[in-house]
Amino acid sequence: GINAEYGEFQTFQHYFKRINLRMKPILLQAHERSLTKILYNKDGDLLFTASKHNLPNVWWSINGERLGTYNGHNGTIWDMAVSSDSLTLCTASADQSAILWDTETGKILHQLTAKSPVRSCGFSLTNNILCITTDKAMTQPCFIKFYDMRDGSQLENNAPFQDIEMKDSKVNRMIWGTVEDYIITGHENGQLCQYDWKTGQRFKTVHEHDHLIKDLQLSKDRTMLVTASKDTTSKLFDAKDFKLLKSFKTDRPVNSAAISPLKHHILLGGGQEAMEVTTSHTKSGKFEARFFHLIFEEEIGRVKGHFGPINTLAFHPSGKQYSSGAEDGYVRIHDFDQSYYDFEYDF
């Protein structure tokens, strides 16, 4: 059996079996419902967590001490973004609004309302432009909206300077691209698109997934993009020209994928849908975080611990820690031990 306190890192190289990463994770328990998003700030000292409950939290990433909650939403939080100077937090919620917060005080700076749930949000590289996307729901189409953070009247009057209506498949995830010029969107039908926010035009589309795209994350240098899809795969693309570089195949839906800033590793999390899980045994639902080698596309290790599908993953900017949030309501912060750094892939 496995000691539930330890996130145990198992590898598949037989010669490496004797080294077992036994990372004692920090368990964060503040959310009554399943996690939807976890996020580090640029410096890595803060960890933001959000769930299907209406209260996002912020913690010290070094010791898991909770610093506070952000009170103001009354619905599920689907996405969060923090500005690169860590001063402003944006949350996207099913209560049909996005809120801009003062990160330090938890004060609401602006509340941007929509006519349907807000699914994703993100700040541009300079923090000058805020993008939010809304769901196709309640007879409303899906919209991508852009606000200029320097223009108070746009935020006060909820008047985006650019409003793009989605005619086909709704946007499920949105992140800013390699440079300030464009955003990348992951769609319900598995499409990946690039939009120019100045013109509102879509200028690139690839369709490599055949099901919903659940997560998009960039590498630290913003040149590579990793996707996570319900079609049980994760794929690595060039973030600029959308060239498909690698594919990582699993046997269950992938909910989240992250690229290590330190090593050639991809971290995947997922599992059966919560409603399809009938047992609570950690082995049966396959709820491990899985490490793949970025270049060789092979699985090199797993970390157990959660009692439900992992919904969201993030690497610390240093690459020396990662966090996972799951359907079980827990966030686990793992600091890698020495054997992780010593591990060399044998090829």
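Structure shown above.
Residues numbered from 1 in each chain as written. Predicted model: local features only at pLDDT ≥ 70, side-chain atom pairs only at ≥ 80, totals over all residues. Heavy atoms only, no water.

What am I meant to see in the overall build of the protein here?
Helix and strand content of the protein: two helices and 30 strands. As displayed, the protein offers around 14,500 Å² of accessible surface, 48% of which is attributable to carbon and sulfur atoms. (Helix = DSSP H or I, 4+ residues; strand = E, 2+ residues; numbered from the N terminus. Areas by Shrake-Rupley, 256 points an atom, 1.4 Å probe, with all protein chains shown as cover.)

Sorry if this is basic, but what is going on with the nonpolar core here?
As a rule of thumb, nonpolar side chains are buried together in soluble globular proteins. Ranked by internal contacts, the top residues of the largest apolar core, which has 16 residues, are L267, A289, F291, V303, F315, Y322 and F336. Going through the elements one at a time, strand 26 (289–293), strand 27 (299–303), strand 28 (310–315) and strand 29 (321–326) are the ones with two or more residues in this core. Counting residues per element, this core draws most heavily on strand 28, which supplies three residues. Among all residues touching A289, those that are not within four sequence positions of it are L267, L268, G301, R302, V303, I310 and Y322. (Core = buried A, V, L, I, M, F, W, Y, C linked by side-chain atoms within 4.5 Å. Buried < 20%, exposed > 50% of the residue type's maximum accessible area, 1.4 Å probe, protein only. Contact = heavy atoms within 4.5 Å.)

When you look at the packing of aromatic side chains in this model, what are you seeing that I'm missing?
Remark: the centre distance and the inter-plane angle together describe each pair of aromatic rings, the angle taken between the planes. Under the definition given, this model contains 17 aromatic pairs. Pairing Y340 with Y341 gives two aromatic rings, centres 5.7 Å apart and planes at 75°, and the pair type is edge-to-face. Residue class for Y340 comes out buried when judged on its relative accessible area of 1%. Clustering of aromatic rings is evident, with ring pairs tying together F291, F315, Y322, F336, Y340 and Y341. Positioned above the aromatic ring of W59 is the side chain of R66, whose terminal nitrogen or guanidinium carbon lies 5.9 Å from the ring centre. (Phe/Tyr/Trp six-rings, centres within 6.5 Å; stacked < 30°, edge-to-face > 60°. Lys NZ or Arg CZ within 6 Å of the ring centre and 35° of its normal.)

When you look at the side chain of S256 in this model, what are you seeing that I'm missing?
The residue S256 is located in strand 24 (residues 254–259) in this model. Of note is the side chain of S256, whose polar atom sits 2.9 Å from the backbone nitrogen of L313. (Polar contact = N/O pair within 3.5 Å; in protein donor to acceptor, adjacent residues only side chain to side chain.)

Just checking my understanding: could you explain the pairing of strand 30 (residues 330–335) for this structure?
Every other side chain in a regular strand lies on the same face of the sheet, so the side chains alternate between the two faces. Looking at chain direction, strand 3 (residues 26–29) and strand 30 are connected through four bridges and run antiparallel. When the bridges of strand 30 are listed, L27 appears paired with R332. Here strand 29 runs beside strand 30; their pairing, made up of five bridges, is antiparallel. Within the sheet, the bridge partner assigned to S324 lies in strand 30 and is R332. Taking the residues between adjacent antiparallel strands as the criterion, strand 29 and strand 30 are bridged by three residues, where G329 takes a positive phi near 90°. (Pairing = 2+ DSSP bridges.)

What's the story with the sheet that holds strand 8 (residues 77–82) in this structure? I'm lost.
Strand pairing in a sheet is mediated by backbone hydrogen bonds. Such pairs are either parallel or antiparallel. What the four strands build is an open sheet, ordered 8-9-10-11; its pairing is antiparallel. One side of each edge strand has no neighbouring strand; the edge strands of this open sheet are strand 8 and strand 11 (108–113). Strand-to-strand twist of the sheet, defined as the mean angle between neighbouring strand axes without regard to direction, takes the value 15°. In this structure, strand 10 (residues 97–102) lies alongside strand 11, joined through five bridges in antiparallel fashion. From the neighbouring strand, W101 faces strand 11, where its bridge partner is I108. (Axes fitted to C-alpha atoms, helices over the stretch in contact; angles between N-to-C directions.)

How do you make sense of the pattern of salt bridges when you look at a structure like this?
One side chain can pair with another of opposite charge once the charged atoms of both are near each other. Applying the stated criterion across every chain yields a total of 16 salt bridges. Between E288 and R302 there is a salt bridge, with the nearest N and O atoms lying 3.4 Å from each other. Within this pair, whereas E288 is found in the loop between strand 25 (265–270) and strand 26, its partner R302 is found in strand 27, the two being separated by 14 residues in sequence. There is no split in this pair, since E288 and R302 are both buried. R290 serves as the salt-bridge partner of E299, at 2.6 Å between the closest nitrogen and oxygen. With a relative accessible area of 7%, R290 lands in the buried category. Here the salt bridges do not stand alone but share partners, grouping D251, R252, E288, R290, E299 and R302 into one network. (Salt bridge = Lys/Arg side-chain N within 4 Å of Asp/Glu carboxyl O.)

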